[in-house]
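The primary structure of each chain is shown beneath.
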Amino acid sequence: MRQRLTNYIRSGHAGLYIVSAEEARVEAEIKAVAEGLGYKLYAWSAIEGLVNTADGSTQQANDPIDAITAINDLPENALVLQRDFHLFLEDRNPVLIRALKDELARSKTKGRTLILLGCRLVLAPELEREFTVLDFALPDKQQLGVVLDGICESAKLEIPTGDDRDQILDAATGMTSTEAENAYALAVIESGGVDSGIIRREKAQTVKKSGLLEVVNVCETLHSIGGLDLMKDWLLQRRDAFSKRAVEYGLPSPKGMLIVGIPGCGKSLTAKATASVFNRPLLKLDAGKLYGSLVGQSEGNLRSVIQVAEAIAPCVLWIDELEKGMAGSKSSGATDGGTSARVFGSFLSWMQEKRSPVFVIATANDVTQLPPELLRKGRWDEIWFTDLPNNEERQKIWEIQIKKYGRKPADFDLRALVEMSVGYTGAEVEQAVIDALYAGFAEDQEPTTKVICQVTAESIPLSKLMAENIDQLRKWAVGRARPATAPTKAEKQRRIAA
Ligand SMILES: Nc1ncnc2c1ncn2[C@@H]1O[C@H](COP(=O)(O)OP(=O)(O)O)[C@@H](O)[C@H]1O
Ligand SMILES: [Mg+2]
């Protein structure tokens, strides 16, 4: 970051906008850059006015417009750090915007750089081209380690080393320095040491605060999935893709996969199991919330999501029901000023360029809502299609679900269950088991095959209700997505005959 900042300043960029919630860390970095370049550093805030950081002398220019005008009197080769300035830009005061533009033009000839520092990106279209936006990455493990050492020293604790240290720092990635410091301190108070479990819990809390991301705890593994063998094999093959060995071997980091399919057939389940396969954290993105109402907010939202995911990486970033977040991106901007299309475009280019080990797993029920760019081969390592489970798969699913609710598959007539559940999704099989448990409980009896068959007969499966949609989805999938299930012998024969 230091080098990048230095380069921008040396190449005469008059306006920089750093998006970060970590004032102290960014300011320390800017100070170091100023020293390295031999530039003077001025810092402005609405409370303190314009302060010369070298000698502490201040200029009373608390009003933002006065502040901008006062920059004109500063010497050449100077950096001016503007704190909280985005808040003043929010209402797009034309006088302030003009003052900024004029000052940027002057600064450019005088070797001065204005640096706006804010936790969000707020730029009116009039200023978008005047400022270069820089994201300040969240602290890496080494930086989080410095904070850890500080806490241990002040708490007079032994500084953790080896695997212990690694686990703590791994748990802390994705937090800002201040958040990590707070989490370490809390762990010391709660447990008398820095316990990585507590750090992980605190991180889950802080990640959730933005309302976009959630760290999901998973207990699902590939064993929780009945069928979908091809997809499972594929995942298993990539199990060690984030390891040091894979990097040394020269494996490119996997991009991710998209699962399209009939609702209730194991898409979300697979996403969760994937995190277990990689043995890395699962971050769930609420794509619907990505679109903020304020101008520029949506882009900012996506930025912060990417920052957190890259800091926690290797990790799995799960976007469930992608179509919900992408609705509107097909519109050429008629409905929302092009925000969805723009956010979506940035997401795609991130996917395309990303080098960081973030495995993106997206699921979708309705492909008609997805923009075609997203479905192009090459965007994803694979696009999968999950169909209704075949007989073999349903048998596995019955077994899994019966076991999941603490009963023994051997106590049931699995063949009968498989036969009566033709056209059922995995979710419907699970529901049948739950319904049978309720029925059994009411009668103070254990559920039996007969009870399951009875309760199931009372409900109409989705595949009947949505026959047409399913048919369309299947047709779409041919040639576009890879079936997650290998064809059965009978299916193969049918294809050969056809
Ligand atoms: N192939 C499967 N194997 C085992 N359970 C399944 C399977 N498919 C669905 N289920 C059950 O149905 C529930 C809902 O499935 P889910 O993965 O959320 O469906 P969707 O494809 O709509 O995301 C799962 O939590 C699981 O209990
Ligand atoms: Mg789902």
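Values in this document were obtained by computation on a predicted structure and should not be read as measured data.

Participant: Tell me about the sheet that holds strand E2 (residues 40–45), residues and numbers included.
Facilitator: The sheet built from seven strands is open, its strands ordered E4-E3-E2-E5-E6-E1-E7 with mixed pairing. Looking at the sheet topology across the chains shown, the edges are occupied by strand E4 (58–59) and strand E7 (132–135). Sheet topology note: the strand E1 (residues 15–19)/strand E6 (residues 112–118) ladder contains five bridges and is parallel. When the sheet's bridge partners are listed, Tyr17 is paired in E6 with Leu116. In the packing of helix H2 (residues 23–37) onto the sheet, the strands contacted are E1, E2, strand E5 (78–83) and E6, and the crossing angle to E5 comes to about 170°.

Participant: Give a detailed account of the site of ligand 1, specifying residues and quantitative values.
Facilitator: Close to ligand 1 lie 17 residues; Gly226, Gly264, Lys267, Ser268 and Glu430 are nearest. The contact in question runs from an oxygen atom of ligand 1 to an N or O atom on the backbone of Leu269, over 2.9 Å. Residue Lys404 places a side-chain N or O atom 3.0 Å away from an oxygen atom belonging to ligand 1. Burial of ligand 1 by the surrounding chains reaches 85%, relative to a free accessible area of 550 Å². Elements with a minimum of two residues in the shell around ligand 1: helix H13 (267–278), helix H17 (391–404) and helix H19 (426–442). Partitioning the shell around ligand 1 into residue classes produces seven nonpolar, seven polar and three charged.

Participant: Pulling in residues and values, what's your account of the packing of helix H9 (residues 177–191) against helix H10 (residues 196–209)?
Facilitator: Taken N-terminus to C-terminus, the directions of H9 and H10 make an angle of 140°; their axes are 9 Å apart at the nearest point. By the angle class used here, H9 and H10 are oblique. As H9 runs across H10, the sense of the crossing is right-handed. Note on element contacts: H10 touches H9 through Ile198, Ile199, Arg201, Glu202, Thr206 and Lys209, opposite Glu179, Ala183, Tyr184, Leu186, Ala187, Glu190 and Ser191. By residue class, the composition of the contact of H9 with H10 is six nonpolar, two polar and five charged.

Participant: Requested: an account of the domain arrangement of the chain, with residues and values cited.
Facilitator: As assigned here, the chain comprises domain 1 (2–135), domain 2 (141–207), domain 3 (222–386) and domain 4 (391–465). The interface is formed by five residues belonging to domain 2 together with five residues belonging to domain 3. On the surface where domain 2 and domain 3 come into contact, there are one salt bridge. A salt bridge links Arg280 to Asp170, with the shortest nitrogen-to-oxygen separation between them at 3.0 Å. Counting across the domain 2 and domain 3 interface gives one residue pair in polar contact (both at pLDDT 80 or more). Class assignment of the residues belonging to the side of domain 2 that touches domain 3 gives a composition of one nonpolar, two polar and two charged.

Participant: Quick rundown of the sheet that holds strand E9 (residues 256–261)? Include the residues and the values.
Facilitator: Pairing is mixed in the open sheet, where seven strands are placed in the order E8-E10-E11-E12-E9-E13-E14. The open sheet is flanked by strand E8 (213–216) and strand E14 (482–483), the only strands paired with a single partner. As paired strands, strand E11 (residues 315–319) and strand E12 (residues 358–364) are joined by five bridges and run parallel to one another. The partner of Cys315 across the bridge, within E12, is Val358. Together, E9, E12, strand E13 (382–386) and E14 form the strand contacts of helix H11 (residues 229–237), whose direction differs from that of E13 by roughly 150°.

About the criteria used
Each chain has its residues counted from 1, running along the sequence as written. Lettering of chains starts at A and numbering of ligands starts at 1, both following the order in which they are written. Residue-level local features of this predicted model are given only where pLDDT is at least 70; pairs of side-chain atoms are given and counted only at 80 or more, and the full residue set underlies all totals for whole chains, interfaces and linings. Only hydrogens and water are removed before side-chain values are computed, so all heavy atoms of the structure are retained for them. Any two strands are treated as partners once DSSP identifies two or more bridges connecting them. Each helix corresponds to a stretch of at least 4 residues labelled H or I by DSSP, and each strand to a stretch of at least 2 residues labelled E; elements are numbered beginning at the N terminus. Residue contacts follow a heavy-atom distance rule, with two residues in contact if any of their heavy atoms lie within 4.5 Å. Every axis in this analysis is a line fitted to C-alpha atoms, fitted for helices over the stretch in contact. Angles between the N-to-C directions lie between 0 and 180 degrees. Any residue with a heavy atom positioned within 4 Å of a molecule or strand is treated as near that molecule or strand. N or O atoms closer than or at 3.5 Å make up a polar contact, with two conditions inside protein: a donor-capable atom paired with an acceptor-capable one, and, for residues adjacent in sequence, both atoms drawn from side chains. The Shrake-Rupley method, run with a 1.4 Å probe sphere, supplies the accessible areas, and residue values consider only the shown protein chains as cover. Residue polarity follows a fixed list, in which Ala, Val, Leu, Ile, Met, Phe, Trp, Tyr, Cys and Pro are nonpolar, Asp, Glu, Lys and Arg are charged, and the others, Gly among them, are polar. Any angle from 65 to 115 degrees is called roughly perpendicular, while one under 35 is roughly parallel, one over 145 is roughly antiparallel, and all others are oblique. In this scheme the crossing of two helices becomes right-handed for a clockwise turn of the near helix relative to the far one and left-handed for an anticlockwise turn of less than a right angle. Domain extents, as shown, originate in an automatic or database domain assignment. Any Lys or Arg side-chain nitrogen located within 4 Å of an Asp or Glu carboxyl oxygen qualifies as a salt bridge.

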